[in-house]
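# Coordinates in review
Residue-level listing of the chains:
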Amino acid sequence: MDSADLVGLASGGLHHIRERAMKAEDLPGEIPFDLQRATSRQLRRWSNALYRALDKDFPPYGTADDFDRVNAEIQRRETHAQNTPGLSLSRDKVRDNTMNRRFEFFRDGMLAGYVSYTMRGGALRLHRTVIHEFFEGAGIEGPLARQVILAAHKRRLAPIPYCPVLQAFLQDNPQYRQLVHAL
């Protein structure tokens, strides 16, 4: 280590330049002017890297402006997603309740509906769809049917839809017909 790497401090001690300067790997790289083409993942990474850069003693010039631009774009996207009609931010989950022989559909942690079934061999007979009265008219029949058919497919079962709700779903969505056993 030579004296060019050391800087005198007011207290008379020496301090390494490398500790005061930003490291190149800490910087997020080149941030484009138009952020609308960037993915949300890229925006989050840039925001985190810029925040770390701002937390240093001597952040590079323009870091605060870049940080504000990136966070404004993230906020714009979140506002747009919340105001877009038909876009559901709810969490849907399907669980196979083998004790009651039904696929249960949960929305935001609440039981919204289920599809009862019987199983023999590799065939899964889907008998009845029941929607909780609180979720009637919320349009969960489609997501429920899709999740049930995909869950059966993951388990390598051949679903046979006897339920009129599932049959209507398959007529409206022909891409799922190949996953269902022919009647």
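Here is what the cut-offs are and how they apply
- Residues numbered from 1 in each chain as written.
- Predicted model: local features only at pLDDT ≥ 70, side-chain atom pairs only at ≥ 80, totals over all residues.
- Heavy atoms only, no water.
- Core = buried A, V, L, I, M, F, W, Y, C linked by side-chain atoms within 4.5 Å.
- Buried < 20%, exposed > 50% of the residue type's maximum accessible area, 1.4 Å probe, protein only.
- Helix = DSSP H or I, 4+ residues; strand = E, 2+ residues; numbered from the N terminus.
- Contact = heavy atoms within 4.5 Å.
- Arc of directions from axis to C-beta.
- Salt bridge = Lys/Arg side-chain N within 4 Å of Asp/Glu carboxyl O.
- pLDDT = per-residue confidence, 0-100.
- Phe/Tyr/Trp six-rings, centres within 6.5 Å; stacked < 30°, edge-to-face > 60°.

Ranked by size, the top nonpolar core spans 24 residues in total, and within it Phe103, Leu124 and Leu126 carry the most contacts. Elements that contribute at least two residues to this core include exactly strand S4 (102–107), strand S5 (110–120), strand S6 (123–131), helix H4 (141–154) and helix H5 (164–172). By residue number, the principal contributor to this core is H4, which donates six residues. Setting aside chain neighbours within four positions, we find Leu126 in contact with Phe103, Val115, Ser116, Tyr117, Val148, Pro159, Ile160, Pro161, Tyr162, Cys163 and Leu166. The next biggest cluster of nonpolar side chains, apart from the first, holds nine residues, and it includes Ile31, Ala38, Phe67 and Ile74.

Let us look at H5. All buried positions along H5 are accounted for by Leu166, Phe169 and Leu170. What you see down the axis of H5 is that its buried residues fit within an arc of 95°, all on one side. Residues of H5 that are exposed and angled more than 90 degrees away from the buried face: Pro164, Gln171 and Asp172. Among the structural elements, S5, S6, H4 and strand S7 (158–161) are those in contact with the buried residues of H5.

By the definition in use, this model includes eight salt bridges. Across the pair Asp96 and Arg155 runs a salt bridge, and its minimum N-O distance is 2.2 Å. Taken together, the residues Asp96 in strand S3 (residues 92–97) and Arg155 in the loop between H4 and S7 connect sequence positions 59 residues apart. Given a relative accessible area of 40%, Arg155 falls into the partly exposed group. The salt bridge involving Glu104 is made with Arg102; its shortest N-O contact spans 2.9 Å.

Next up on the list: the confidence of the model for the protein. Per-residue confidence for the protein gives a mean pLDDT of 80; residues scoring 70 or more make up 79%. Below pLDDT 50 for its whole length, residues 1–26 participates in 28 contacts with residues either more than four positions away or in separate chains.

Counting across every chain of the model gives four aromatic pairs. Ring geometry for Phe103 versus Tyr117: centroids 5.1 Å apart, planes at 40°, classification tilted. Of this pair, Phe103 sits in strand S4 while Tyr117 sits in strand S5; the two residues are 14 residues apart in sequence, bridging distant segments of the chain. Pairing Phe134 with Phe135 gives two aromatic rings, centres 5.1 Å apart and planes at 90°, and the pair type is edge-to-face. Exposure remark for Phe134: the relative accessible area of 58% places this residue in the exposed category.

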